[in-house]
Amino acid sequence: GYDLNGIKVTYIAAPTLSSAANVVGGVKVTWNAVDGVGYYNVYRKTGSGDWTRIASNVAGTSYTDAGPVSANKVEHYNYAVACSVNGTEMSAHDDTGVDTTFYQAPKLGSATSTEAGVTVTWNASDGITEYSLWRKVNGGSWTEIVPSITSTGSTISYDDASVTSNNTYTYTVRCKVSGNLVSGYNATGVSTFYLAAPALVSATAGTKSVTVTWQSVNGATSYDVYRKTDLNSEWGIVKAGAGGTSYTDTGLTSGVVYYYTVVAKNDDGRSNFVHAGISATAK
């Protein structure tokens, strides 16, 4: 015979996996909730390796794995999820898992105000030759400004000429493969306050003097005027805090060629300058 009461068991199905996607900080794994289950254990394997539990009793239906970030290389990862009830694993996991290739977000270098705009630099990511450049202005939202930058170098730069004076620009970079975004990004980014370099208008010679004029810069409150007499020498300041858009440099030597350039400034920062300068020969 047999026991008519039998034995009861509650069957808990393995969670159905949704996706594994590169995000800021690592790989985000998502799955569908299992009825009656509030916690899950997450497993990972690298390439053809073995499953390793990387998180226990995760509440909800997603988990961001930060482990790949420190690996700093392209790597194939596979994820699986099992149900946890009262701290005990109560289901199998889908042995097929859900997989992704992790691409390290580019390591940012700097954002530097230049004569022509802002130059952004970053280090190449392993296995990547295409990048997407993103920017935000004065702490706003990220906007993709250059969809595709192709480079095989180890250090990459881009000159952003679409900037306007008296604004703070923040940049970040993402990896692309075949035109598709495949990496997360550095959410802090690199920033610079941009004042446009003053455009030089004229250098007019007078008796033992030269009058330099330049265009005003939006946001500038004053200007510093620099001078040199040798193209290969360093610029030296001759007037700090000029309030207008011209300066007359006096006490010069007749017959000597003088070169000038101008830097704009305000309480938030200073501009770059026209490196070639402008020149006149004192009379």
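So, here is what we can say about the structure in this document. (Residues numbered from 1 in each chain as written. Predicted model: local features only at pLDDT ≥ 70, side-chain atom pairs only at ≥ 80, totals over all residues. Heavy atoms only, no water.)

Overview of the side chain of Ser209
Line of reasoning, step 1. Following the sequence through the fold, Ser209 ends up in strand β18 (residues 209-214).
Line of reasoning, step 2. Judged by relative accessible area, which is 12%, Ser209 ranks as buried.
Line of reasoning, step 3. Among all residues touching Ser209, those that are not within four sequence positions of it are Thr204, Thr248, Asp249, Thr250, Leu252 and Ala282. (Helix = DSSP H or I, 4+ residues; strand = E, 2+ residues; numbered from the N terminus. Buried < 20%, exposed > 50% of the residue type's maximum accessible area, 1.4 Å probe, protein only. Contact = heavy atoms within 4.5 Å.)

Some thoughts on the pattern of salt bridges
Line of reasoning, step 1. Taken as a whole and judged by the stated rule, the model has 7 salt bridges.
Line of reasoning, step 2. Across the salt bridge formed by Arg135 and Asp160, the nearest N and O atoms sit 2.8 Å from each other. Of this pair, Arg135 sits in strand β11 (residues 130-137) while Asp160 sits in strand β13 (residues 155-160), and the two are 25 residues apart along the sequence. When sorted by exposure, Arg135 lands in the same class as Asp160, which is buried.
Line of reasoning, step 3. Between Asp224 and Lys265 there is a salt bridge, and its shortest N-O distance comes to 3.0 Å. Note that Asp224 is positioned in strand β19 (residues 222-228) and Lys265 in strand β22 (residues 257-266), a separation of 41 residues in sequence.
Line of reasoning, step 4. One salt-bridge network, held together by shared partners, links Asp224, Lys265 and Arg270. (Salt bridge = Lys/Arg side-chain N within 4 Å of Asp/Glu carboxyl O.)

Remarks on the nonpolar core
Line of reasoning, step 1. Within the largest apolar cluster, 40 residues are counted, with the highest numbers of intra-cluster contacts made by Trp122, Leu133, Tyr171, Trp214 and Tyr260.
Line of reasoning, step 2. By size, the runner-up hydrophobic cluster in this structure holds 18 residues, among which are Ile12, Val29, Ala55 and Val81. (Core = buried A, V, L, I, M, F, W, Y, C linked by side-chain atoms within 4.5 Å.)

Examining the side chain of Thr119
Line of reasoning, step 1. Residue placement: Thr119 occurs in strand β10 (residues 118-123).
Line of reasoning, step 2. Within the structure, Thr119 has its side chain in polar contact with the side chain of Asp159 (distance 2.6 Å).
Line of reasoning, step 3. Not counting residues within four places of it along the chain, the set of residues in contact with Thr119 comprises Ser110, Ala111, Thr112, Thr114, Ser157, Tyr158 and Asp159. (Polar contact = N/O pair within 3.5 Å; in protein donor to acceptor, adjacent residues only side chain to side chain.)

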